[in-house]
Structures are given as structure tokens and as C-alpha cells.
Amino acid sequence: MNTIQGRQFRRMIESARDIFYMVDSEGRLIYISPQAEEYGFKPEDIVGKDALTSIADEDRQRVAEELERTLKLGDNFLSDFRVRNSQGQVFWFEENGAALKDDDGRII
């Protein structure tokens, strides 16, 4: 993707209402879109941390298993779960997750 396409893609993601994020193979958050701020999450405070940190205790194990399956097998998943921000507020999210793959189908 060239620089112009990259800027256009970023503008599209950041103007959508949905929250977009990416995690690395270790489950660390490497990107989260600015929309997360609407729920009390500052991207600069959570990028680099375990993506499961904010998942409510009641849902964390299930979401961890879904994330692990996606990172290992590349399965897409649709899930709903609660997140808790640093102020203790709880929000329900619905997630449509997918693993990124290279041109040969390997999970990157």
C-alpha cells in the first residue's frame, strides 16, 4: 500500500463509528482507533498492553480462547463481551474478528 492509500485507509478507519484494533501474535494491542475514547480508553494508554486487560472478568477466559483460536488457526469469529474502563464503567461490545494473512494464506 502506498503512502496516499495508507493515509486514505487511516482516514476511513478513523471516521467510522466502529472501533478497529489490531493485536500481535502475543495478544498485545498494537493499534486501536480513536473511537475507543468514547468509552473512556485513551489509545496511547492501552496500545502495547495485553488486549484482554479491559475485558470483564466474566468474559475474559472465553474471549482469550477465541483470540487464541484466531491467532493459531486464522478462524474468523463473532463474539460479544463486556469491557471495563479505568473508571469502572462497563460496556457491551460485539466483535467481528479475523486474522490477517499474507498472500500465501499464512497468519501474519
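See the structure above.
An account of the accompanying structure is given in this report. Keep in mind that what you see is a predicted model, and the values were worked out from it rather than measured. (Residues numbered from 1 in each chain as written. Predicted model: local features only at pLDDT ≥ 70, side-chain atom pairs only at ≥ 80, totals over all residues. Heavy atoms only, no water.)

### Examining helix α3 (residues 57-73)
With 17 residues, α3 should reach 24 Å at 1.5 Å per residue; the first-to-last C-alpha distance of 25 Å fits that figure. Listed in full, the buried residues belonging to α3 are Asp59, Val63, Glu66, Leu67 and Thr70. In this fold, the buried residues of α3 make contact with β1 (21-23), β3 (77-84) and β4 (90-97). Once α3 finishes, glycine 74 follows within two positions and takes phi at roughly 80°, a positive value. (Helix = DSSP H or I, 4+ residues; strand = E, 2+ residues; numbered from the N terminus. Expected span 1.5 Å × (residues − 1). Buried < 20%, exposed > 50% of the residue type's maximum accessible area, 1.4 Å probe, protein only. Contact = heavy atoms within 4.5 Å.)

### Considerations on the nonpolar core
Ranked by size, the top nonpolar core spans 13 residues in total, and within it Ile55, Phe81 and Val83 carry the most contacts. Not counting chain neighbours up to four residues away, the residues in contact with isoleucine 55 comprise Arg60, Val63, Phe81, Arg82 and Val83. (Core = buried A, V, L, I, M, F, W, Y, C linked by side-chain atoms within 4.5 Å.)

### Points about the pairing of β3
Burial of the side chains of β3 is restricted to one face: Phe77, Ser79, Phe81 and Val83 are buried, whereas none of Leu78, Asp80, Arg82 and Arg84 on the reverse face is. The loop that links β3 with its antiparallel partner β4 comprises five residues; one of these, glycine 88, has a positive phi angle of about 90°. (Pairing = 2+ DSSP bridges.)

### Quick notes on the environment of isoleucine 55
Structurally, isoleucine 55 can be placed in the loop between α2 (43-46) and α3. Placed 30 residues apart in sequence, isoleucine 55 and asparagine 85 show a C-alpha to C-alpha distance of 8.9 Å.

### Details of the pattern of salt bridges
Tallied over the full model, the rule gives eight salt bridges. Aspartate 59 is the salt-bridge partner of arginine 62, the closest N and O atoms lying 3.5 Å from each other. On the criterion of helical spacing, the pair formed by arginine 62 and aspartate 59 is a turn pair, its members being three residues apart in helix α3. Judged by relative accessible area, arginine 62 falls into the partly exposed class, the value being 31%. By relative accessible area, aspartate 59 is classed as buried at 5%. Note that aspartate 59 is salt-bridged to arginine 82, the shortest N-O span being 2.8 Å. Within this pair, whereas aspartate 59 is found in helix α3, its partner arginine 82 is found in strand β3, the two being separated by 23 residues in sequence. When its relative accessible area of 22% is taken as the criterion, arginine 82 is described as partly exposed. Several salt bridges converge on common partners, so that one network encompasses Asp59, Arg62, Glu66 and Arg82. (Salt bridge = Lys/Arg side-chain N within 4 Å of Asp/Glu carboxyl O.)

### Points about the packing of aromatic side chains
One pass over the full model with this rule turns up two aromatic pairs. Both rings, one in tyrosine 39 and one in phenylalanine 91, keep their centres 5.0 Å apart while their planes meet at 80°; by these two values the pair is edge-to-face. You can see tyrosine 39 sitting in the loop between β2 (29-32) and α2 and its partner phenylalanine 91 sitting in strand β4, a full 52 residues away along the chain. With 5.0 Å between their ring centres and 65° between their planes, tyrosine 39 and phenylalanine 93 make a pair best called edge-to-face. Here tyrosine 39 is found in the loop between β2 and α2, whereas its partner phenylalanine 93 is found in strand β4, with 54 residues between them in sequence. By way of ring pairs, the aromatic residues Tyr39, Phe91 and Phe93 are connected into one cluster. (Phe/Tyr/Trp six-rings, centres within 6.5 Å; stacked < 30°, edge-to-face > 60°.)

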